[in-house]
Amino acid sequence: MKSIFDTVSFECSKNVTKMYSTSFASAVKMLAPCIRQDIYNIYGFVRFADEIVDTFHDYNKELLFELFEKDLETALNNKISLNPVLNSFQHTVHKYQIPSELIQAFMKSMKMDLVKSKYTTYEEYNEYIYGSADVVGLMCLKVFVNGDDTKYAELEQSAMRLGSAFQKVNFLRDLKADYEDLSRTYFPNTDLSQLNETSKNEIIKEIEADFEAGYQGIVKLPIEAKFGVYTAYIYYKKLLSKLKKTPSMEIKNTRIRVPDYQKVGLLARCYVNYRLNIL
């Protein structure tokens, strides 16, 4: 029975989320049970694509990505895939009518990581972020509003800005690995080998503006999604705060993280704010 295979597929996407991002998995747990699995399904898909271009250095990444892209197309067309992560993803795509152009934009940005290592203009930079982060936020928004096109249109821009903020924080946090291990630099007009406080603060100011715009959408989200998205927002704001306080030289040489005990405190704070309707 396909229902059994679907259950196995959903568990696979859930486990991918837990194994690759404990912080995101914690935020997903704060979502209503009725939408939780679909966010796992989206995350599993984007994580597998990202793993191909970022991690599998001992393999032919171009070939692996080509095969993954073909399997994705087959899954979307046939509404089934023997790849459990793609089987889960196609289920969510069809359930919420996620537009194909969002998926295509995401895959385009992932392919850029196979061939492009430096973004010298804001046009290139914004195109990459749109495909790698903004559209993921929009896919999730489709789930959060449960088919309400009016609500989707209202929150579209803020969802994109929040996705941008999360991605840019990741860029700054992963500066060392991206630059040294993958030879990538995402921030335009910034020599990361010579990153100083001025250039770091300019990047942080840009991220703070994205967070502010993203927050305006969080407060308008349906009740099923608001607490979970707010939890992720607070976590990334804390991470940005730590990056802001960290000297630029240290950011270049280490990966900044939020300790587990602080994550627990942040979760408690989020819950209190949520229950008191402070959002």
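Structure: see above.
Residue positions within a chain follow its written sequence, with the count starting from 1. With the structure being a predicted model, the display of local features is reserved for residues of pLDDT at least 70 and the display and counting of side-chain atom pairs for 80 or more, all residues being used for whole-chain, interface and lining totals. Only hydrogens and water are removed before side-chain values are computed, so all heavy atoms of the structure are retained for them.

K.L.:
Which residues make up the overall build of the protein chain, and what are the values?
P.N.:
The numbering of helices and of strands both runs from the N terminus, where a helix is a DSSP run of H or I of at least 4 residues and a strand a run of E of at least 2. A tally of helices and strands in the protein chain yields 13 helices and 0 strands. Going residue by residue from the N terminus, the α and β elements of the protein chain occur as α-α-α-α-α-α-α-α-α-α-α-α-α. Remark: exposure states derive from per-residue accessible area (1.4 Å probe, protein chains only) relative to the maximum for the residue type, with buried under 20%, exposed over 50%, and partly exposed in between. Here the protein chain holds 279 residues, and the buried ones make up 52% of them. We call two residues contacting when some pair of their heavy atoms lies within 4.5 Å. Nonlocal contacts in the protein chain, meaning residues at least 24 apart in sequence, comprise 70% of its contacts between residues at least 6 apart. When the accessible surface of the protein chain is totalled, it reaches about 13800 Å², and 53% of it is carbon and sulfur. Per-residue and other accessible areas follow the Shrake-Rupley method at a 1.4 Å probe size, with only the shown protein chains counted as cover for residues.

K.L.:
Let's hear about the packing of aromatic side chains: which residues, and what values?
P.N.:
Ring pairs shown here join Phe, Tyr and Trp side chains whose ring centres sit within 6.5 Å, with only the six-membered ring taken for Trp; geometry is labelled stacked below 30 degrees between planes, edge-to-face above 60, and tilted in between. A complete count under the given rule lists 17 aromatic pairs for this structure. An aromatic cluster is defined as three or more aromatic residues linked by ring pairs; in this entry it consists of F166, F211, Y215, Y230, Y233, Y235 and Y236. Looking at K116, its charged tip hangs above the ring of Y119, at a distance of 5.3 Å from the centre. By definition here, charges over rings are those cases where NZ of Lys or CZ of Arg is within 6 Å of the ring centre and within 35 degrees of the ring normal. Positioned above the aromatic ring of Y152 is the side chain of K142, whose terminal nitrogen or guanidinium carbon lies 4.5 Å from the ring centre.

K.L.:
Give a description of the side chain of K142 that names residues and reports values.
P.N.:
Note on placement: K142 falls in helix α7 (residues 122-145). Of the residues examined, K142 reaches a relative accessible area of 11% and is grouped as buried. Excluding its chain neighbours within four sequence positions, the residues that come into contact with K142 are Y96, Q97, I98, P99, G147, D149 and Y152.

K.L.:
Would you mind going over the packing of helix α4 (residues 61-78) against helix α5 (residues 84-96) in detail, with residue names and values included?
P.N.:
Direction vectors running N to C along α4 and α5 enclose 45 degrees, while the axes themselves pass 9 Å from each other. The angle between the axes of α4 and α5 places the two elements in the oblique class. Considering the relative orientation of α4 and α5, their crossing is right-handed. Of the residues in α5, those in contact with F68, D71, L72, A75 and L76 of α4 are L86, F89, Q90, V93 and H94. Taken together, the residues of the contact of α4 with α5 break down into 7 nonpolar, 2 polar and 1 charged. Fitting a line to C-alpha atoms yields each axis, with helices limited to the stretch in contact; the angle taken between N-to-C directions then spans 0 to 180 degrees. Should an angle fall under 35 degrees it is called roughly parallel, over 145 degrees roughly antiparallel, and 65 to 115 degrees roughly perpendicular, with every other angle called oblique. Left-handed is the label given to a crossing in which the near helix is rotated counterclockwise from the far helix by less than a right angle, and right-handed is the label when the rotation is clockwise. Ten residues, namely Ala, Val, Leu, Ile, Met, Phe, Trp, Tyr, Cys and Pro, are considered nonpolar, four, namely Asp, Glu, Lys and Arg, are considered charged, and the remaining ones, Gly among them, are considered polar.

K.L.:
Give me a nonpolar patch on the surface: which residues, what numbers.
P.N.:
Taken together, the side chains of Y59, L63, L64 and L67 present a nonpolar region at the surface, about 390 Å² in accessible area. Structurally, the position occupied by Y59 is in the loop between α3 (33-54) and α4. Put simply, a patch holds well-exposed residues, over 30% relative accessible area, that have no salt bridge, with like charges counted together within 9 Å and Val, Leu, Ile, Met, Phe, Trp or Tyr side chains within 5 Å. The salt bridge criterion pairs a side-chain nitrogen of Lys or Arg with a carboxyl oxygen of Asp or Glu, the two atoms within 4 Å.

K.L.:
Let's hear about the side chain of T92: which residues, and what values?
P.N.:
Here T92 lies in helix α5. Since its relative accessible area comes to 0%, T92 is described here as buried. Those residues within four positions of T92 in sequence are excluded, and the remaining contacts are D38, N41, I42, I98 and V143.

K.L.:
Describe the packing of helix α1 (residues 2-20) against α5, with residues and values.
P.N.:
Any two packed helices are characterised by how steeply their axes cross, that is the angle between the axes, and by the distance between the axes. Contact geometry of α1 with α5 gives a least axis separation of 8 Å together with a crossing angle of 100 degrees. As judged from the angle between their axes, α1 and α5 are roughly perpendicular. Each of K2, F5, D6, S9, F10, C12, S13 and V16 in α1 lies in contact with α5, whose residues at this interface are P84, V85, N87, S88, Q90 and H91. Of the residues that constitute the contact of α1 with α5, the class distribution is 6 nonpolar, 6 polar and 2 charged.

K.L.:
How would you summarise the environment of S81 if you had to cite specific residues and measurements?
P.N.:
For S81, the location among the structural elements is in the loop between α4 and α5. On a C-alpha basis, the gap between S81 and F5 in space is 10.0 Å, while along the polypeptide they are 76 residues apart. Once residues lying within four places of it in the same chain are set aside, the contact partners of S81 are F5, A75, L86 and N87. A polar contact is formed between the side chain of S81 and the backbone nitrogen of N83, at a distance of 3.1 Å. N or O atoms closer than or at 3.5 Å make up a polar contact, with two conditions inside protein: a donor-capable atom paired with an acceptor-capable one, and, for residues adjacent in sequence, both atoms drawn from side chains.

K.L.:
So, the nonpolar core: which residues are in play, and what are the values?
P.N.:
Put simply, buried Ala, Val, Leu, Ile, Met, Phe, Trp, Tyr and Cys residues joined by side-chain atoms within 4.5 Å make one nonpolar core. Core analysis: the biggest nonpolar cluster contains 76 residues, and I42, F45, I103, F106, M139, F144 and F211 have the highest contact counts within it. The leading source of residues in this core is α7, at 13 residues. Once residues lying within four places of it in the same chain are set aside, the contact partners of F144 are L31, I35, I39, L221, P222, A225 and V229.

K.L.:
Summarise the pattern of salt bridges; cite the residues concerned and give the values.
P.N.:
Any two side chains of opposite charge can pair, so long as their charged atoms come close to each other. Per the stated rule, a full pass over the model turns up 16 salt bridges. The partner of K168 in a salt bridge is E206, and the shortest N-O contact between them spans 2.9 Å. In this pair, K168 sits in helix α8 (residues 149-173) while E206 sits in helix α10 (residues 197-218), placing the two residues 38 residues apart along the sequence. Look at the salt bridges and you will find they share partners, linking R161, K168, E206 and D210 into a network.

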